[in-house]
Amino acid sequence: MSYDDPKTLVSTSWLAKHIKDPDLRILDASWYLPAMGRDPKAEYDAAHIPGARFFDIDDVSDNRSDLPHMVPPVEKFMSRLRAMGVGDGHQVVVYDGMGLFSAARVWWLFRLMGQENIAVLDGGLPKWQAEGREVEDLPPVIRDRHMTVRRQAHMVKDVTQVSAASKLKDHEILDARAPGRFRGEDPEPREGMRAGHIPGAKNVPFATLLNADGTMKDPDGLRAAFAAAGVDLNKPAITSCGSGVTGTIINLALEVLGKRDHSLYDGSWSEWGQFPTLPVATGED
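Reading the values: the criteria
- Residues numbered from 1 in each chain as written.
- Predicted model: local features only at pLDDT ≥ 70, side-chain atom pairs only at ≥ 80, totals over all residues.
- Heavy atoms only, no water.
- Phe/Tyr/Trp six-rings, centres within 6.5 Å; stacked < 30°, edge-to-face > 60°.
- Helix = DSSP H or I, 4+ residues; strand = E, 2+ residues; numbered from the N terminus.
- Buried < 20%, exposed > 50% of the residue type's maximum accessible area, 1.4 Å probe, protein only.
- Lys NZ or Arg CZ within 6 Å of the ring centre and 35° of its normal.
- Axes fitted to C-alpha atoms, helices over the stretch in contact; angles between N-to-C directions.
- Parallel < 35°, antiparallel > 145°, perpendicular 65-115°, else oblique.
- Left-handed = near helix turned anticlockwise from the far one by under 90°.
- Contact = heavy atoms within 4.5 Å.
- Nonpolar A, V, L, I, M, F, W, Y, C, P; charged D, E, K, R; others polar.
- Pairing = 2+ DSSP bridges.
- Polar contact = N/O pair within 3.5 Å; in protein donor to acceptor, adjacent residues only side chain to side chain.

A full pass over the atoms with the stated rule returns five aromatic pairs. Both rings, one in Phe101 and one in Phe206, keep their centres 5.8 Å apart while their planes meet at 55°; by these two values the pair is tilted. With a gap of 105 residues between them, Phe101 in the loop between β4 (91–95) and α4 (103–112) and Phe206 in the loop between β8 (202–203) and α8 (219–228) connect regions that are remote in the sequence. By relative accessible area, which is 22% here, Phe206 ends up partly exposed. Seen in terms of ring centroids, Tyr265 and Trp272 are 6.4 Å apart; in terms of plane orientation they differ by 85°. Their pairing is edge-to-face. For the pair Tyr265 and Trp272, one class covers both residues: buried. Taken together, the ring pairs connect Trp31, Phe101 and Phe206 into an aromatic cluster. Above the ring of Trp128, the side-chain terminus of Arg133 is found at 5.6 Å from the ring centroid.

This is the structure we're talking about:
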């Protein structure tokens, strides 16, 4: 099952068909946790989808913040994308080297900046290569293109807003981390973090939204995953994870289901877990 919706998800066959379109721009947004031992830029240099530009999630971020890869100032986003030759009138397709992992973060970031013509490549580079499709090691030819940004402030939440939502229970707070981290049984990968989750949050491990090949489940499969996690899809949703990357896979899944009232807690557990004054829940509750 593939949707081929240029605002959410497109299949490898859709991309193969459109790869020569003059206004298509492809971004490799691969990013890995330190424990994965992978170098996304080196992998991009060795092999990427033809024409793809490398999007460095850690670079296109707010370097004034102590938290990892927080949303960059609008001006920085615009200048970095201009340098990549991505701007107004382009259809963007973003992928990563895991299947569907970090690409959703860049999809969400574009949406936050008011850019709607962006889709994640379903199954990413692994599916593309498994199908024997072409890759190259050449740098792309880049021409500047201006980008108009209209920041959609409702798509991102800060710690104060999330704290209020946790107390008022007027949002579903959806945590994409693995169950052991959510329950506080497994250690956090970052030092100095407490273990557990935001009180009232529901655990929707991002893997439960994906098929074995790294593609996203169909709408029925997504609804079943949310139902299994006890999520009320009638409430507005705030997504969260370790550092604001995999939580966006939930945002993408909600968008695929036609749900628009969702946002990301950008600081996620990297922020919440380090402040002793914020309450932490453990176990299933």
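Moving on: the packing of α4 against helix α9 (residues 247–256). Two elements in contact, α4 and α9, have axes separated by 8 Å at closest approach and are oriented at 65°. Looking at the two axes, α4 sits roughly perpendicular to α9. In the crossing of α4 with α9, the sense of the turn from one axis to the other is left-handed. Judged by residue contacts, Ala104, Arg105, Trp107, Trp108 and Arg111 of α4 engage Thr248, Ile249, Asn251, Leu252 and Glu255 from α9. Here the contact of α4 with α9 is built from residues that sort into five nonpolar, two polar and three charged.

Read across the sheet, five strands follow the order β6-β10-β9-β7-β8 without closing on themselves; strand pairing throughout is parallel. Either end of the sheet is taken by a strand with one partner, and the two such strands are β6 (156–157) and β8.

Turning to its location among the elements, Arg133 is positioned in the loop between α5 (124–130) and β6. For the pair formed by Arg133 and Ile49, sequence separation is 84 residues and the distance between their alpha carbons is 8.5 Å. Those residues within four positions of Arg133 in sequence are excluded, and the remaining contacts are Thr12, Ser13, Ala16 and Trp128. In terms of polar contacts, Arg133 uses its side chain to reach the side chain of Glu131, at 2.8 Å.

Limitation: the analysis is restricted to geometry and does not speak to function.
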